[in-house]
Amino acid sequence: MKTSFFELFKIGIGPSSSHTVGPMRAAREFISELHCQVRLTEVSRVCVELYGSLALTGKGHGTDRAIILGLMGERPDEVDPASIEHKHNEVRHSGALMLNSTSPIAFIENRDIIFHLDKTLPAHSNAMRFTALNPVGSAIASDIYYSVGGGFIQKEGDDLSTNVTRLEVPFPFSSADDLLRIGEEHGLAVWQIVLANEASWRPESEVRAYVARVWKTMEECLARGLRTEGILPGGLNVRRRAPALFQKLSVKNNTDPLAPMDWVNAFAMAVNEENAAGARVVTAPTNGAAGVIPAVGHYHQFVPGASEGGIFQYLLTAGAIGILYKENASISGAEVGCQGEVGVACSMAAGGLVAALGGDNKQIEYAAEIGMEHNLGMTCDPIGGLVQIPCIERNAMGAVKSINACRIAMRETGDHKVSLDQVIRTMYQTGMDMKTHYKETSLGGLALNIIEC
């Protein structure tokens, strides 16, 4: 087990964890390393080259703005979303930026950010090369980074397994079978296993505080999305629908027995409309799938007897499931399609909801398996490279599907034929077999067949 809950659930900005959060982190890391080497003052220009999916859908995902912010030293979890457009315009109009907020350089966006639409690098579709140049045009430093999904980045040449040195955890797991075995041997629920592991890396109070912060950020994002009307940026003229649906559902005396489903739809779309607008969201496990887990968490609050403790168990259990996908498969739409984003979120939320409702570990594993089994093969084909169509509605569908997976699992008493570990392997194999056109390139599917207007 190499991944922490703190890394899986990152607080950042929209619209994309792999195309916005990851590139911002990579740009900041590149400049920070030069700063640590006391070489930043030697730099007169920085050239950034984007490859693969980052090049093909980077404009729609705000990759260019994210990189500029990262070069300026901004962090995804700290930058004020309301300031981003102003900062970007200031660089664009002045032709200059402050590296790491300390060293001024000339920066002409159309010259210094290059989109290689017909080139890819072998390690991952989301690749970027940063080159720092001195006044005579010689390279001071040049590094390649990969944005591997969920805001995670990897520098070429680094062994991902050694990027972070941690103490051994009390309950290491690398599969769902491990989780079930550990739970049975020690009498622990999945969320207790995760808590014990996280508490071996930092004080338990810090773990609990961060889980609470994640949930608070999700709640704030959802609340903003339910009250913010208007047209989403990007040129597709997509209207925000969550506020109108919220207003309709708020009318008293609603006797529709399926009204809770409408609420879940409104919750999920509210979050992803905020994400599409570049607002503050939590990767869960990605920005493109950020609406599923908050929506299902809020559905939990409709259940009689629900408590804040249930949300804590929900998020830690969902985190365990997300770690399995991150370490054994992928959470990158550019690598395995949307099955790795909304599909994984659906699986995480399904298992987490079982935990919050008092289900046992076997039911958690079963629900998570169902959540992915019926998302296998889902493509990532955003129209115009924007995280809007079909992404916003897809989060609503994923949230409802996860609730149904939970209900099926909690009403079963016997064993099931397909294990979570098997479905995780299948998802990854399916992603590897999927044509590149259907993996966040906007070259196939809806992106090809729907006119952008």
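Residues numbered from 1 in each chain as written. Predicted model: local features only at pLDDT ≥ 70, side-chain atom pairs only at ≥ 80, totals over all residues. Heavy atoms only, no water.

Visitor: When you look at the overall build of the chain in this model, what are you seeing that I'm missing?
Guide: Within the chain one finds 19 helices and nine strands. Since a compact globule built from 453 residues should have a radius of gyration of about 22 Å, the 22 Å found for the chain is in line with a globular shape. The C-alpha extent of the chain, read off along each of the three principal axes, is 70 × 50 × 40 Å. Across the 453 residues of the chain, 59% fall into the buried class. Within the chain, contacts between residues at least 6 apart in sequence are counted, and of these 77% link residues at least 24 apart. (Helix = DSSP H or I, 4+ residues; strand = E, 2+ residues; numbered from the N terminus. Rg over C-alpha atoms; globule rule 2.2 N^0.38 Å. Buried < 20%, exposed > 50% of the residue type's maximum accessible area, 1.4 Å probe, protein only. Contact = heavy atoms within 4.5 Å.)

Visitor: Explain the packing of aromatic side chains here, please?
Guide: The geometry of an aromatic ring pair is captured by two quantities: the separation of the ring centres and the angle between the planes. Scanning the model with the defined rule gives eight aromatic pairs in all. Centre to centre, the rings of F130 and Y145 are 5.8 Å apart; their planes meet at 80°, and the pair counts as edge-to-face. Of the two residues, F130 sits in strand 6 (residues 126-133) while Y145 sits in strand 7 (residues 139-149), which places them 15 residues apart along the sequence. Judged on exposure class, the residue F130 and its partner Y145 are both buried. Residues W191 and F312 carry aromatic rings whose centres are separated by 6.0 Å and whose planes lie at 75° to one another, so their mutual orientation is edge-to-face. Residue W191 is found in helix 8 (residues 190-199), and its partner F312 is found in helix 13 (residues 308-328); the two are separated by 121 residues along the sequence. Given the relative accessible area of 17%, W191 is considered buried. (Phe/Tyr/Trp six-rings, centres within 6.5 Å; stacked < 30°, edge-to-face > 60°.)

Visitor: Looking at this structure, I do not really get the nonpolar core. What am I missing?
Guide: Inside soluble globular proteins, nonpolar side chains tend to come together where they are buried. Within the largest apolar cluster, 102 residues are counted, with the highest numbers of intra-cluster contacts made by F9, M218, I293, Y314, L315 and Y325. Of all the elements, helix 13 adds the most residues to this core, at eleven residues. Dropping the residues within four chain positions of it, I293 is found in contact with F9, W215, M218, A284, Y314, L315, A318, A345, M348 and A349. Counting residues in hydrophobic clusters, the runner-up holds 29 residues, among them L40, V46, L50 and L54. (Core = buried A, V, L, I, M, F, W, Y, C linked by side-chain atoms within 4.5 Å.)

Visitor: Got a minute to help me understand empty space enclosed by the protein in this structure?
Guide: One simple way to see leftover space: roll a probe sized like a water molecule over the atoms. Under the counting rule described, the total for this entry stands at two cavities of 30 Å³ or more. Here the largest cavity defines a volume of roughly 160 Å³. Along the wall of the largest cavity there are 19 residues; nearest its centre are G288, E341, C380, V387 and C391. Along the lines of polarity and charge, the residues of the lining of the largest cavity split into nine nonpolar, six polar and four charged. Volume-wise, the second largest cavity comes out at about 60 Å³. Looking at the lining of the second largest cavity, the elements with two or more residues in it are helix 7 (176-186) and helix 16 (361-373). The residue inventory of the lining of the second largest cavity, partitioned by class, reads seven nonpolar, one polar and one charged. (1 Å grid on protein atoms, 1.4 Å probe; cavity = no way out; pocket = protein on both sides within 12 Å on 5 of 7 lines; lining within 4 Å. Points joined across faces, edges and corners; volume = space filled by probe spheres on them. Nonpolar A, V, L, I, M, F, W, Y, C, P; charged D, E, K, R; others polar.)

Visitor: Sorry, what's going on with the layout of surface pockets here?
Guide: In this structure, the second largest pocket encloses a volume near 450 Å³. As for the second largest pocket, its lining consists of 26 residues, of which P15, G62, R65, E85 and P233 are closest to the centre. Among the secondary structure elements, those contributing two or more residues to the lining of the second largest pocket are helix 2 (17-36), helix 3 (52-61), helix 4 (63-71) and helix 5 (84-94). Class assignment of the residues belonging to the lining of the second largest pocket gives a composition of 13 nonpolar, eight polar and five charged.

Visitor: Hey, could you run me through the sheet that holds strand 8 (residues 152-155) in this one?
Guide: Backbone hydrogen bonds hold the strands of a sheet together, and the pairing may be parallel or antiparallel. The strand order across the open sheet built from five strands is 5-2-6-7-8, with neighbouring strands paired in mixed fashion. Bordering the open sheet on either side are strand 5 (113-116) and strand 8, each of which pairs with just one other strand. Strand-to-strand twist of the sheet, defined as the mean angle between neighbouring strand axes without regard to direction, takes the value 25°. Looking at chain direction, strand 2 (residues 45-51) and strand 5 are connected through four bridges and run parallel. The partner of Y51 across the bridge, within strand 5, is H116. The sheet contacts of helix 2 involve strand 2, strand 6, strand 7 and strand 8, and relative to strand 7 the element is tilted by about 150°. (Pairing = 2+ DSSP bridges. Axes fitted to C-alpha atoms, helices over the stretch in contact; angles between N-to-C directions.)

Visitor: Hey, could you run me through the packing of helix 16 against helix 17 (residues 391-410) in this one?
Guide: Each pair of packed helices gets described by two things: the angle between the helix axes and the distance between those axes. The geometry of helix 16 relative to helix 17 is characterised by a closest axis approach of 8 Å and an angle of 140° between their N-to-C directions. Taken together, the axes of helix 16 and helix 17 are oblique relative to one another. Crossing angle aside, the handedness with which helix 16 passes helix 17 is right-handed. Contacts between helix 16 and helix 17 involve Q363, Y366, A367, I370 and G371 on the former and, on the latter, A405, C406, I408, A409 and M410. Partitioned by chemical class, the residues of the contact of helix 16 with helix 17 number eight nonpolar, two polar and no charged. (Parallel < 35°, antiparallel > 145°, perpendicular 65-115°, else oblique. Left-handed = near helix turned anticlockwise from the far one by under 90°.)

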